[in-house]
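The residues making up each chain are set out below.
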Amino acid sequence: MSTNVTLDKLSRQFPRSVVETHTHRGDATAIVRKDEILAICRFLRDDPELAYDFMMDLTAVDYLGKEPRFEVVYHLYSLSKNQRVRIKARVPEADCTIDSIVSIWVAADWFEREVFDLYGIIFNGHPNLKRLLLYEGFEGHPLRKDYPLKKRQPLIGPLN
Amino acid sequence: MGITTAFSTEEPLGGSVVLTKLEAAINWSRKYSFFLYPFATACCAMEFMAVGGPRYDLDRFGAALPRFSPRQADLLMVVGTITHKQAPILVKVYNQMTEPKWVMAFGVCAVSGGFYDNYATVQGIDTLIPVDVYIPGCPPRPEMVLDGLMKLQEKVTKEKWSDWPRGPAPVKMKC
Amino acid sequence: MTDSAKNLHTEQMVINMGPSHPVTHGTVKFTVTLDGETIDDLKVDIGYLHRGFEKMCENGTWEQVMPYTDRLNYVSPLINNVGYALAVEKLFGVQAPERCQYIRVIISEMARICDHFTNIAAGAMEVGAMTVFLYFVEARDLLWDLLEELCGARVTANYVRFGGVKNDLPEGFGAKTAQAFETCRKLWVDVDKLLTKNRIFIDRMRDVGTMPAQEAIAHGFTGPCLRASGVPYDVRKAQPYLVYDQMDFEVPVGETGDNFDRYLVRMEEINQSMRIVEQALARIPRGPINLDMPALRWQSKDDTYNRIEALIFHFKTVTEGVKPPAGEIYSAVEGANGELGFYLVSDGSGKPVKCRVRPPCFPLTAAMPRMMRGRLIADIVPTFDMINMIGGECDR
């Protein structure tokens, strides 16, 4: 497996924060500690050799039964280098928060709201952390694995 | 055409006088002048565009003019999935429409929720408002929609004077 | 500003535009704070078509996700099909046979053409040009006829399979496509004549919803809207998938990133996509359309009915689903609105742990306030049209 410039640089720059790196099917992935996510993202964007100017996707995964339970997943893309990288930060259920990266990529705004809405992960420092896809009054977070598929909370109408 | 069933000309008067029941005459005129309100939410809107387009041409049935104000419309076409977030809006739009009004559930999501059986979707709009004609299909073919519209026209011709709604009968918002 | 204009105090007015509003073809609610006709602030509320796509995927097998992908961007369902199939194939680490790859390129580009037709048709209609709507809906119907012949459905195709496609191109597909394209090109020229130099259309579109390149990148723009801002990013060129690297096509870019450029980029992309389809049809090789890999596919009906092993195998794959090896991948294709990415996580079982779609129009819709502040309320309409927000994809 060829070494990846991004992963190398990242591991060297943040030796304590980068927990693990791997490349699966050509997708470079770094698993990092959530405390330093802001610094890591800023480095990835600002380092001229990396220049990850696109925040392509931000989502979360619920690994119910594992500890830490959640993973916040960032997909970044560098236009000038034509490189992709995936950054994952593990978030335990007990401390279900992570720093918001809206200050680095504006695009993260809605993506973070969506993750908050569907997974209940709180993004510290987000300017407007409200539900996005669901409505006020909806209890719980439907994409958590322990939320039943058909548990409906209608605004009006019967509970069908 | 409907005119022969709704009206009859009286020969002794030289064909210059038309006799009919008021009920039949009104129903006849209503069925060829649907003003529709496209409550288009989802994929079915693509087929709705095709139905309104030149090839299938809703205009042939007198239902060509979409009104985007519920006050001016009498046929509510619910085109696509209705989610729980959307439900109050649908009922509000329905209540804003003046009588007489009809509702067409366009596509299987509006009919029954379709294959979206989960926390977010309403399982058929008939849990919220009364529906006159159901058009299944995901999305239904334009021919199907035209068929549904003709079914509705048939239904309208059979409406009785005594059944016509008198005064507002809004659907309650709270369950 | 003159004195009188400065002294004219207007009270701010808050207007709800939507969620059921004629121009919001996706259901979306704008809460507009107006100063006269000028937009002071705009809040976008989405989620009216949130149908729980990811939850449904996690509760079904990998194959059962395919029909749901049709209904993400329902204007170009086949691209979603292709994108999802490519993602699952990446998870397996396999590639579809060459003929299948050509078929996928053909259907992707046809879907893209349909998407752009629809977008321009609806967009023009909403600024008052009804004729364009009629022309392009007819053009789209011509292509839908071809797709219907190919896969049996007009809109929601569900045509692509893992490691292949459902069936081969029908007899005479190339000739019929050539015929349809001829009419489409005529209609394209008509629309071009109607719109591109139309004073009213230009006034509504030019310098409206402008997004400079740098900001567009920061907002996560992709697809025609990013290219209109002058950034030539196209997944088909940057990271070619299928056989796009063997195709000869241009990526049109705009200059200013306003709505008119977005329109021009889309118009040109229609032409380029037609070129790709024609090249692919001319070069398509003979050969199998499906991978010969039982772990990936259902057994053929013939085998299932006649061989007991195949029947058992069929039963197992249908009930348990195909089982990709554990792992996670992100795979992107160029959707009609931009980068359509699939992020899949598998734990080696028949159901996805996570099936995430990166919706291209989601960041575009999120940037509406940025594009609209300080503009007139009438500018919302063309801008919202040209970012082409599709509810099924944006809200999922």
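Residues numbered from 1 in each chain as written. Chains lettered and ligands numbered in written order. Predicted model: local features only at pLDDT ≥ 70, side-chain atom pairs only at ≥ 80, totals over all residues. Heavy atoms only, no water.

**Q** Would you take a moment to explain the packing of aromatic side chains for this structure?
**A** Here the distance between the centres and the angle between the planes together describe a pair of aromatic rings. One pass over the structure, following the stated rule, counts 27 aromatic pairs over all chains. Between Y135(A) and F138(A), the aromatic rings sit 5.5 Å apart at their centres with planes inclined by 80 degrees, giving edge-to-face as the arrangement. Judged by its relative accessible area of 8%, Y135(A) falls in the buried class. Relative to Y32(B), the ring of W28(B) lies with its centre 6.1 Å away and its plane at 75 degrees, an arrangement referred to as edge-to-face. Residue classification places W28(B) among the partly exposed residues on the basis of a relative accessible area of 25%. Residue Y32(B) is classed as partly exposed on the basis of its relative accessible area of 26%. Taken together, the ring pairs connect Y135(A), F138(A), Y147(A) and Y119(B) into an aromatic cluster. The positively charged end of K85(B) is found above the aromatic ring belonging to Y48(C), 4.9 Å away from the centroid. The ring of F249(C) carries K237(C) above its face, with NZ or CZ at 4.2 Å from the centroid. (Phe/Tyr/Trp six-rings, centres within 6.5 Å; stacked < 30°, edge-to-face > 60°. Buried < 20%, exposed > 50% of the residue type's maximum accessible area, 1.4 Å probe, protein only. Lys NZ or Arg CZ within 6 Å of the ring centre and 35° of its normal.)

**Q** Sorry, what's going on with the interface of chain A and chain C here?
**A** The figure often quoted for interface size is the accessible area lost as the parts come together. Counting residues at the interface gives 40 residues for chain A and 48 residues for chain C. Both sides together, the interface formed by chain A and chain C hides about 3,600 Å², and carbon and sulfur atoms give 58% of it. Interface area lost by chain A to chain C is led by R25(A), W110(A) and L133(A), which between them contribute 19%. Applying the counting criterion to the chain A and chain C interface returns 8 salt bridges. In this structure, R356(C) and E114(A) form a salt bridge, with 3.0 Å as the shortest nitrogen-oxygen distance. Across the contact surface, chain A and chain C share 24 residue pairs in polar contact (both at pLDDT 80 or more). (Contact = heavy atoms within 4.5 Å. Buried area = accessible area lost by both parts, 1.4 Å probe. Salt bridge = Lys/Arg side-chain N within 4 Å of Asp/Glu carboxyl O. Polar contact = N/O pair within 3.5 Å; in protein donor to acceptor, adjacent residues only side chain to side chain.)

**Q** Teacher, can you tell me more about the side chain of R69(A) here?
**A** With respect to the secondary-structure elements, R69(A) resides in the loop between β3 (54-62) and β4 (70-78). Engagement of the side chain of R69(A) in a polar contact is seen with the side chain of E93(A), the distance being 2.8 Å. (Helix = DSSP H or I, 4+ residues; strand = E, 2+ residues; numbered from the N terminus.)

**Q** How should unusual backbone geometry be read in this particular structure?
**A** Across residues other than glycine, the phi torsion is negative in most instances, and most of the peptide bonds are trans. P68(A) follows E67(A) through a cis peptide bond whose omega is -5 degrees. Here P68(A) is to be found in the loop between β3 and β4. Cis geometry is adopted by the peptide bond preceding P100(B), which originates at E99(B) and carries an omega value of 0 degrees. Among the secondary structure elements, P100(B) is positioned in the loop between α4 (87-96) and β5 (102-106). The residue N158(C) is not glycine, and still its phi comes out positive at about 50 degrees. Locating N158(C) in the fold gives a position in the loop between α6 (130-151) and β4 (160-161).

**Q** What should I look at first to understand α6(C) in this one?
**A** Note on helix geometry: an α-helix contains 3.6 residues per turn, so any two residues three or four positions apart are oriented the same way. If you check α6(C), its first and last C-alpha atoms are 31 Å apart, about what 22 residues at 1.5 Å a residue would give, namely 32 Å. Just beyond α6(C), the residue with positive phi is G152(C), at close to 90 degrees. (Expected span 1.5 Å × (residues − 1).)

**Q** Even after reading the chapter, I still don't get the sheet that holds strand β2 (residues 27-32) of chain A, so can you show me in this structure?
**A** Sheets are built from strands that pair by backbone hydrogen bonding, the pairs being arranged parallel or antiparallel. Residues and elements named next belong to chain A. Pairing in this open sheet of 5 strands is mixed, and the strands run β1-β2-β5-β4-β3 from one edge to the other. Single-partner strands in this sheet number two, and they are β1 (18-24) and β3. Neighbouring strand axes in the sheet, compared pairwise and without regard to direction, differ in orientation by 20 degrees on average. One ladder, built from 9 bridges, connects β4 with strand β5 (residues 83-91); its direction is antiparallel. Counted as the bridge partner of V73 is K88 from β5. Its contacts with the sheet place helix α2 (residues 37-46) against β2, β4 and β5, and it is angled at close to 175 degrees to β5. (Pairing = 2+ DSSP bridges. Axes fitted to C-alpha atoms, helices over the stretch in contact; angles between N-to-C directions.)

**Q** Hey, could you run me through the interface of chain B and chain A in this one?
**A** Between chain B and chain A, the contact holds 14 residues from the first and 18 residues from the second. Each partner contributes to the roughly 1,500 Å² buried at the junction of chain B and chain A, and carbon and sulfur atoms together form 62% of this total. By the criterion of area lost to chain A, the three top residues of chain B are H84(B), K85(B) and Y119(B), representing 48% of everything that side buries. Here chain B is connected to chain A by 2 salt bridges. Note that D117(B) and K150(A) form a salt bridge whose closest N and O atoms lie 3.1 Å from each other. For the interface between chain B and chain A, the tally reads 7 residue pairs in polar contact (both at pLDDT 80 or more).

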